Amino acid sequence: MQNKKAKNKSFKKFIAKLHLWLGLGSGLIVFIVAVTGCIFVFHDEIKDITRDCRKVTPEASAYVAPTSLQNKTKSLFPEAQPGMVVYQGNDRSAFVYTLIDKVPHHIYFNPYSAEFLQKENLENDFFLIVEDLHMHLWLPPEIGKQVVGISTLIFIFMLVSGIILWWPKKRKNLKKRLKIKWNAKWRRVNYDWHSVTGLYISLIALFVAITGLSFSYEWMNHGLYDLANLWQEKPEDQLNIQIESANYSEAAMDIALAETLKLKPGDEMFFVWEQGGSAPITTGSYPDALDYDHQSNFYFHPETGALLEDHEYSSKSAGMKLQEMTYGLHTGQYFGLTGKITAFFASLFVAALPVSGFMIWFGRRNKKQKNQS
């Protein structure tokens, strides 16, 4: 019995050291990623308040054809190279994604009248700068996503190891461990706050961290796909449409959007994208504006506009549906306002964990030095 207790004590001591040093090593990155996550959660709501170009008065008339918006972009900005056209919703503007002097821009238009509304430099967009800090720490993407990914893996270990360290030796002490002793000294309050908060948010934080890993690592993205499909092959997801010797026609792009609107009359948000080469014109539709899940896709011939293949949301496998909703799950958007509020506070508490953990370590270190003196 004594031998078993000694082994448990030794194991917890080893876990505590790992928890400490890995936490000190990754704490700053976890703090940055969590704080930027807080800021980014409500970016759409903040943009709607601060940027007039995002909203328009809905009309009964049809949308302006995508090639008209592309051509107007060229006439306004001769150096532009228009690409994807996105119609964001009945009461929202449309925009053309384009490169101007190799810098990515969104050019906003009224989707009913083609009235020019705004030119937006994406390199100067506050929320995209925050998103880049969140995902890449402003490092080159290939390097930054690895640093963030490794720190996220360490954070997942910190959550698990924190629960192991928190777990009481005796069951009767469980109730005490679930509370913060607010009338104690500040070091004790900080320690309780660190351990109890970490426990309460562990499941939500673990969920956010795992979904976030899918943006850093392909193996996680494919892993979620395989898990949702129970490791079964899903040939319906494998689309490989190649067009031979076709000349792109502007009429085909307009036809592609018009057919998509007919196929999905109840949806709100649409995009149309002419990729060039041997690829078909691709369109997508979403039931709700600014919600990037429940996506249906359609593929059209770039010369004639004939529908080649449809990939409706209902025909996609569970794995592909999960992959496409990962963004919404990670940001809380999938669960509406309640999900966003939950993600915001979870990220806020996660940001506080490395701060309170550092204070525990610093306080103990100072106390040890004083005792030695």
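The coordinates are above.
**Q** I tried to follow the packing of helix α8 (residues 202-216) against helix α11 (residues 318-331) on my own but got confused; where do I start?
**A** The description of two helices packed together rests on the angle between their axes and the distance between the axes. Relative to each other, α8 and α11 sit at 140°, their axes nearing to 9 Å. One element, α8, and the other, α11, form an angle in the oblique class. Both α8 and α11 take part in a crossing whose hand is left-handed. Residues F207, V208, T211, G212, S214 and F215 of α8 lie in contact with α11, whose contacting residues are T326, Y327, L329 and H330. Partitioning the contact of α8 with α11 into residue classes produces five nonpolar, five polar and no charged.

**Q** What is the right way to read the packing of aromatic side chains from this model?
**A** What the rule picks out here adds up to 18 aromatic pairs. Plain terms: the ring middles of F95 and Y108 are 5.6 Å apart, the flat faces sit at 55° to each other, and that makes the pair tilted. You can see F95 sitting in strand β2 (residues 94-100) and its partner Y108 sitting in strand β3 (residues 103-109), a full 13 residues away along the chain. One exposure class covers both F95 and Y108, and it is buried. Judged by centre distance (6.5 Å) and plane angle (55°), the rings of W361 and F362 are tilted. We classify W361 as partly exposed; its relative accessible area is 24%. F362 sits in the partly exposed class, given a relative accessible area of 36%. Joined through ring pairs, the aromatic side chains of F271, Y286, Y292 and Y327 make up one cluster. A cation over an aromatic ring shows up here: K321 above the ring of Y313, its NZ or CZ 4.7 Å from the ring centre.

**Q** Mind showing me how you'd approach the pairing of strand β8 (residues 307-311) here?
**A** Consecutive side chains of a regular strand alternate in pointing toward one face of the sheet and then the other. When strand β7 (residues 296-300) meets β8, the two strands line up antiparallel, connected through four bridges. Bridge pairing links F298 to D310 in β8. Hairpin geometry of β7 and β8 is characterised by an intervening segment of six residues between the two adjacent antiparallel strands and by a positive phi of about 80° at G305.

Rules used in this analysis
Residues numbered from 1 in each chain as written. Predicted model: local features only at pLDDT ≥ 70, side-chain atom pairs only at ≥ 80, totals over all residues. Heavy atoms only, no water. Axes fitted to C-alpha atoms, helices over the stretch in contact; angles between N-to-C directions. Helix = DSSP H or I, 4+ residues; strand = E, 2+ residues; numbered from the N terminus. Parallel < 35°, antiparallel > 145°, perpendicular 65-115°, else oblique. Left-handed = near helix turned anticlockwise from the far one by under 90°. Contact = heavy atoms within 4.5 Å. Nonpolar A, V, L, I, M, F, W, Y, C, P; charged D, E, K, R; others polar. Phe/Tyr/Trp six-rings, centres within 6.5 Å; stacked < 30°, edge-to-face > 60°. Buried < 20%, exposed > 50% of the residue type's maximum accessible area, 1.4 Å probe, protein only. Lys NZ or Arg CZ within 6 Å of the ring centre and 35° of its normal. Pairing = 2+ DSSP bridges.

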